[in-house]
Each structure stands twice: as C-alpha cells, then as structure tokens.
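A look at the structure
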Amino acid sequence: MGTILQIITKLLLLTASLVLLCEFLVYYPVQLGCSWPEPVPAAEGDDSSPLHVIFLADTHLLGGRLGHWFDKLRREWQMQRSFQTAVNLFHPDVVFILGDLTDEGKWENEQEFNSTMSRFQKMFAVPDHIQLHVIVGNHDIGFHDYIHRSRLLRFQRFFDLPDVKLVTIQDIVFVLVNSMAFHGDDCAMCSQATQQLIRVSEQLNCTLYGSATGKPMPDDDDRCDLYTKLPATRPILLQHFPLYRESDIACEGPDAPPQEERDTKHRLRMDVLSQEASIMQLSLIQPRMVLSGHTHHGCYRVHPQGIPEITVPSFSWRNRNNPSFILASITKDDFRWEKCFLPEESTVINIYILGGLFIACWLLLAVYKSFVIYAKSKNV
C-alpha cells in the first residue's frame, strides 16, 4: 500500500509540475528576453524619463456563438497569463489595445456584452498607476454598413471613447480614432468623426504653429483661444484599421502574412482605410508614428512624408501560432520600439507531449519495479 501511495503522490507531483510549467512558468523565460528599448539621449537639461507603453491588438474574446467552450477557456487563459506576466515584468506606464477586444460584440445583447466586458476587465486588469486605453474595432461594433447605433454608443459609454479622442500622458500626445467612422459616405457617425478630427487638428496646429490651420493667418488667433494648449510635440495616431496600402507584399518578418496573403489586394474600408481617408488623417494629424491592428499579422511600412506605421499582430493564439506585443519607449522627440513574442503554441503542445511521455515511461517503470519487489516478497 505504501508503495502505491508513493507512486500516486509522485505522479500527481510530476503532472502538477508539467501543468505549472506550461500554464504559468513558460511565459516568463520568453518575455525575459525582451526589454524596453533605449531612446535617444534627451537634450541637455531635459531630465524627463521616457514613457513606457505596451501596444497589443485583436484579443477577440469569444462570446456564446462561435468556438468551442474549451477553445474559449484556453485562449482567454493564455492571454490573461501573458498579459499579467508582461505587466509584472515590465511595469508599463500605459497600455493601448488597438481594437477587436471582442469577437462577437457586434452581435451581443446587453447581458452578453456585460459578461464579455467583465471577463475583459479581469483578464486585462492593471494596477491603479497604469493607464489602460482601448480602440474600437469592427468586431466590437461591426463594419461600417452593419453598425447599430445602440452598440456603438454602448461601447463608447463603457470606455469613454468618442470617435476621435485626444489623450496626453507625460507630455506625449496620442490621437485615438474609430476606423469605421472614416468610410467617406457622410453618414452621421462619419460626419461627426470628421468634425472631431478637424477640431483635434486645429488644437494640435494651435499648439505647434500658433494657428488653427497650421499656417500664419492672423484671423486664426481668436480660434486658438478656444483650445487648451498641448505639449509641443507631434502626436501618435492609433486606430484599428491600417492606413491605405494596396497589399501586404512589403511586409516581412516572422509574423508577416503568409506569402499567398501578401500578394492579395486589400479590400478598401474593410481590410484597410481608403486612400482618401488615409490622406485626410495624415494631413490633418501629421503624426510622427501610426499604430494599427486588424490584419492579425505584423507589418512595418513608411508612408509619404516619412511617417512610419506599425501594424501590431493579434495577441490571441486563436489567430496565430506566435502572438506578440510591442514595447515602446517614447519621448517628445523619439519613438523606439521592440516586438516581444509570446511562446509559440506548438512549443507548449510539444512540451506537454514530451512531458506526458516522460511521465508515462516513469509510471510504467515505477509500476514494474513495484511489481518485482512485491513478487520477491511473496517468494521469500
């Protein structure tokens, strides 16, 4: 009896160790290989520290319609452990999630939406000193032609998120945009978003150039009196859809789209913004950096006027084998970033398989030894 209890105890300990490794510890060694990038040294007399920001995208929390319950449980556990590990290791100042928080928000009723948001708040909980901001995505409220006003307002109320929002943190200016509101058809949502973008543009111009138009026009002096002065730095534009690009042919790296997808032309207003909307945003906001999501793949490209855009891949293993997030060190004059990959799901599965085989072999050997000892004791 004692031998059997010893075998069961060791079996439980080995199994628990394997689960602990694959469900908790595996996230640490991978992320420990990442670090905050060093920004360019500040000018003499400027002792301000860089703003440390985590950017991630496309978490796609499942509802009750799509996917198996175990798939939902597994993906949410993976994202929660990955995110909480990142927060504990890197202690960011702020986190931005670039849209598609949910997978079924565009269909959910109030009860379902509140349930999903409750899970979201638990998974992506941050300490009080860390700010968390989100961008709306098409899965949260629907593509432009399928947006129900009540679902748009519901999301906006929950996150205090108008179609265009100006956020200033440690003298760094961010402009958060609802991509679906720049469809270009003069609908009520689009017209309102365009007016909000123009007002943000005027506020930025008044700060940087002393003129609402960005040009020296004396008539603009009174208009600038309407706006609070911002830190004198070019903003960072954040939205769900990437800016216009014909395809992902130029995207490279371990998280770039598969070759067959790179060659496929994007659908305007569904895969990327239209060229007209992209030109309008870039000309009005004049950002120094753009970050987007939506495609589930990574991409880096430079737009006209030398404006770079980072498309952040999905944070969910449901969408890719190697999710990642961005670590950015931002100052008023510099933006440095590094991509931090999470454990590949295939690696975790292989660890489970090898660990399971080891435990099975050990168990067979232990039972065999126990049987031999028992047989010898009977023969004595």
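Relevant structure appears above.
Section: the pattern of salt bridges
Scanning the model with the defined rule gives 13 salt bridges in all. With a shortest N-O distance of 3.5 Å, Arg-154 and Glu-110 are connected by a salt bridge. Linking Arg-154 in helix H6 (residues 149–159) with Glu-110 in helix H4 (residues 110–123), this pair joins segments that are 44 residues apart in sequence. For Asp-334, the salt bridge identified is with Arg-336, shortest N-O distance 3.2 Å. The partly exposed category is assigned to Arg-336, whose relative accessible area is 36%. In this structure, a network of salt bridges that share partners links the residues Asp-71, Arg-75, Arg-318 and Glu-345.

Digging into the sheet that holds strand S8 (residues 299–303)
Read across the open sheet, the six strands follow the order S4-S5-S6-S7-S9-S8; overall the sheet is mixed. A single partner strand is all that each edge strand has here, and the edge strands are strand S4 (164–169) and S8. Along the sheet, successive strands turn relative to each other by an average axial angle of 20°, direction set aside. Across four bridges, strand S5 (residues 172–177) lies against strand S6 (residues 236–239) in parallel orientation. Bridge pairing in S6 links Phe-174 to Ile-236.

Details of helix H10 (residues 275–285)
Listed as buried for H10 are Ala-277, Ser-278, Gln-281, Leu-282 and Ile-285. On an axial view of H10, the arc spanned by its buried residues comes to 125°, and they lie on one face. Every exposed residue of H10 that faces more than 90 degrees away from the buried side is listed here: Glu-276 and Ile-279. On the buried face of H10, the contacting elements are S5, helix H7 (188–209), S6, strand S7 (289–292), S8 and strand S9 (307–311). Where H10 terminates, the next one or two residues include Gln-286, which has phi positive at roughly 50°.

Considerations on the pairing of S8
Pairing of S8 with S9, which is carried by five bridges, proceeds in the antiparallel orientation. Looking across to S9, one finds that Arg-301 is bridged to Glu-309. Counted along the chain from S8 to the antiparallel partner S9, the turn is three residues long, and its residue Gln-305 has a positive phi close to 70°.

Digging into the side chain of Asp-248
With respect to the helices and strands, Asp-248 occurs in the loop between S6 and helix H9 (259–262). For Asp-248, a relative accessible area of 4% puts it in the buried group. Only 2.9 Å separates the side chain of Asp-248 from the side chain of His-266, close enough to count as a polar contact.

Some points on the packing of aromatic side chains
Counted according to the given criterion, the structure contains 18 aromatic pairs. Ring centres 5.1 Å apart and planes at 35° place the aromatic pair Phe-120 and Phe-124 in the tilted group. For the pair Phe-120 and Phe-124, one class covers both residues: buried. Ring plane angle 65° and centroid distance 6.3 Å describe the contact between Phe-315 and Phe-325, whose orientation is recorded as edge-to-face. Of this pair, Phe-315 sits in the loop between S9 and strand S10 (324–330) while Phe-325 sits in strand S10; the two residues are 10 residues apart in sequence, bridging distant segments of the chain. Taken as a pair, Phe-315 and Phe-325 share a single burial class, namely buried. Among the aromatic side chains, those forming a connected cluster through ring pairs are Trp-36, Phe-83, Phe-90, Phe-113, Phe-120, Phe-124, Phe-155, Phe-158, Phe-159, Phe-315 and Phe-325. Here the basic side chain of Arg-81 rests over the ring of Trp-77, its NZ or CZ set 5.8 Å away from the ring centre.

What about the sheet that holds strand S3 (residues 131–134)?
Overall, mixed pairing links the five strands, which are arranged S3-S2-S1-S10-S11 in an open sheet. Sheet topology places S3 and strand S11 (335–341) at the edges, where each strand pairs with a single neighbour. Shown here is a sheet whose adjacent strand axes are inclined to one another by a mean of 20°, direction ignored. Two elements, strand S2 (residues 94–97) and S3, share four bridges in a ladder whose sense is parallel. Each residue of the ladder has a partner; that of Ile-97, found in S3, is Val-134.

Quick notes on H6
If you check which residues of H6 are buried, you get Leu-152, Arg-154, Phe-155, Gln-156 and Phe-159. The secondary structure elements touched by the buried residues of H6 are H4, S3, helix H5 (138–141), S4 and H7. Asp-160, located one to two residues past H6, shows a positive phi value of around 50°.

Describing the side chain of Ser-274
With respect to the helices and strands, Ser-274 occurs in the loop between H9 and H10. Judged by relative accessible area, Ser-274 falls into the buried class, the value being 2%. At 3.1 Å, the side chain of Ser-274 forms a polar contact with the backbone nitrogen of Ala-277. Look past the residues within four positions of Ser-274 in its chain and what remains in contact with it is Tyr-244, Leu-268 and Arg-269.

Quick notes on the state of the cysteines
According to the stated counting rule, one finds three disulfides in the structure shown. Residue pairing for Cys-34: its cysteine sulfur links by disulfide to Cys-340, the two sulfurs lying 2.1 Å apart. Every disulfide takes its handedness from the sign of the S-S torsion; for Cys-34 and Cys-340 that torsion is 85°, giving right-handed. With Cys-34 in the loop between helix H2 (27–32) and strand S1 (51–56) and Cys-340 in strand S11, this pair connects stretches of sequence that are 306 residues apart. Taken as a pair, Cys-34 and Cys-340 share a single burial class, namely buried. Covalently, Cys-206 is tied to Cys-224 through a disulfide, its sulfur atoms 2.1 Å apart. Taking the torsion about the S-S bond as the criterion, the Cys-206 to Cys-224 disulfide, at about -85°, is left-handed. Highlighted residues: Cys-206 in helix H7 and Cys-224 in helix H8 (residues 221–224), separated in sequence by 18 residues. Residue Cys-206 is classed as buried on the basis of its relative accessible area, which comes to 12%. In the protein, the cysteines engaged in disulfides, taken in order along the sequence, are linked 1-6, 2-3, 4-5. Lacking any disulfide linkage, Cys-361 is separated from the closest cysteine sulfur, that of Cys-22, by 17 Å. Among the residues examined, Cys-361 registers a relative accessible area of 52% and is labelled exposed.

Basis of the calculations
- Residues numbered from 1 in each chain as written.
- Predicted model: local features only at pLDDT ≥ 70, side-chain atom pairs only at ≥ 80, totals over all residues.
- Heavy atoms only, no water.
- Salt bridge = Lys/Arg side-chain N within 4 Å of Asp/Glu carboxyl O.
- Helix = DSSP H or I, 4+ residues; strand = E, 2+ residues; numbered from the N terminus.
- Buried < 20%, exposed > 50% of the residue type's maximum accessible area, 1.4 Å probe, protein only.
- Pairing = 2+ DSSP bridges.
- Axes fitted to C-alpha atoms, helices over the stretch in contact; angles between N-to-C directions.
- Arc of directions from axis to C-beta.
- Contact = heavy atoms within 4.5 Å.
- Polar contact = N/O pair within 3.5 Å; in protein donor to acceptor, adjacent residues only side chain to side chain.
- Phe/Tyr/Trp six-rings, centres within 6.5 Å; stacked < 30°, edge-to-face > 60°.
- Lys NZ or Arg CZ within 6 Å of the ring centre and 35° of its normal.
- Disulfide = S-S within 2.5 Å.

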